[in-house]
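Each chain, letter by letter, is given below.
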Amino acid sequence: AVVSTQSTGENGGLINKLGTYPVAVMARSLNKPFYVAVESFKFYRNYPLSQLDLPNDAKYENAEDTKHPEVDFTPPKYINKLFTDLGVLTPSAVSDELIKLYI
C-alpha cells in the first residue's frame, strides 16, 4: 500500500486522515509493504506514541460533547519506507533529517 500523510513525527509515525492506521495493520497482516509519500516540510518535532497522544485540536465534539479524533496515528513499526524529496528513508531516519534541517 502507498499512502500520503498530513504530517510525520520525529519517530517516523504518521498523523493522517482516519483509516490510514487500519490499512497499515492489514498490510502487515498480509505481509505486504506499507509505503508513505511525504514531503520533508511535513516532518515535525513531536512524539505521539499512540492514538491517545493526539492533540485536542485534531478532535471534534459531537452533540454529547464527546471528543472524537479527526485523524489517526500510525506507529512507525507498520511503515516500511518513506518516499520523500530527500530520498527514500526509513521511519527512524526522520529524526536525523530533522536534526539536519534545524542545525
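Keep in mind that this is a model prediction, so the values were computed, not measured.

A. Up close: the packing of aromatic side chains. Applying the stated criterion across every chain, the model contains 2 aromatic pairs. Where Tyr-21 meets Tyr-78, the ring centres are 5.7 Å apart and the plane angle is 80°; that geometry is what we call edge-to-face. Of this pair, Tyr-21 sits in helix 1 (residues 20-29) while Tyr-78 sits in the loop between strand 8 (71-74) and strand 9 (81-84), and the two are 57 residues apart along the sequence.

B. View of the nonpolar core. Ranked by size, the top nonpolar core spans 15 residues in total, and within it Leu-14, Phe-34, Val-36, Phe-43, Ile-79 and Leu-82 carry the most contacts. Of all the elements in the fold, those that place two or more residues in this core are helix 1 and helix 2 (93-102). If you tally residues by element for this core, the top one is helix 2, at 3 residues. If we skip the residues at most four places from it in the chain, Leu-82 touches Thr-8, Leu-14, Val-36, Val-38, Gly-87, Val-88, Leu-89, Thr-90, Pro-91 and Val-94.

C. How the structure looks around the sheet that holds strand 10 (residues 87-89). If you walk across this open sheet you meet the 4 strands as 1-4-9-10, and the pairing is mixed. Lying at the two open borders of the sheet, with one neighbouring strand each, are strand 1 (2-4) and strand 10. In this sheet, adjacent strand axes meet at a mean angle of 25° when their direction is disregarded. In terms of strand pairing, strand 1 meets strand 4 (residues 35-37) through 3 bridges, oriented parallel. When the bridges of strand 4 are listed, Val-2 appears paired with Tyr-35.

D. Looking closely at the environment of Val-88. Secondary-structure assignment places Val-88 in strand 10. Classification of Val-88 as exposed rests on a relative accessible area of 52%. A sequence separation of 51 residues divides Val-88 from Ala-37, and the C-alpha atoms of the two residues are 9.4 Å apart. Not counting chain neighbours up to four residues away, the residues in contact with Val-88 comprise Lys-81, Leu-82 and Phe-83.

E. Examining the side chain of Thr-5 more closely. Following the sequence through the fold, Thr-5 ends up in the loop between strand 1 and strand 2 (7-9). Of note is the side chain of Thr-5, whose polar atom sits 2.9 Å from the backbone oxygen of Ser-7. Excluding residues within four positions of it along the chain, Thr-5 makes contact with Leu-14, Ile-15, Asn-16, Val-36, Ala-37, Val-38 and Lys-42.

F. Structural context of the environment of Pro-76. Tracing the chain through its elements places Pro-76 in the loop between strand 8 and strand 9. For Pro-76, a relative accessible area of 25% gives the class partly exposed. For the pair Pro-76 and Gly-13, spaced 63 residues apart in the sequence, the C-alpha separation amounts to 4.4 Å. With residues up to four places along the chain from it excluded, the contact list for Pro-76 reads Asn-11, Gly-12, Gly-13 and Pro-91.

What counts and how
Residues numbered from 1 in each chain as written. Predicted model: local features only at pLDDT ≥ 70, side-chain atom pairs only at ≥ 80, totals over all residues. Heavy atoms only, no water. Phe/Tyr/Trp six-rings, centres within 6.5 Å; stacked < 30°, edge-to-face > 60°. Helix = DSSP H or I, 4+ residues; strand = E, 2+ residues; numbered from the N terminus. Core = buried A, V, L, I, M, F, W, Y, C linked by side-chain atoms within 4.5 Å. Buried < 20%, exposed > 50% of the residue type's maximum accessible area, 1.4 Å probe, protein only. Contact = heavy atoms within 4.5 Å. Pairing = 2+ DSSP bridges. Axes fitted to C-alpha atoms, helices over the stretch in contact; angles between N-to-C directions. Polar contact = N/O pair within 3.5 Å; in protein donor to acceptor, adjacent residues only side chain to side chain.

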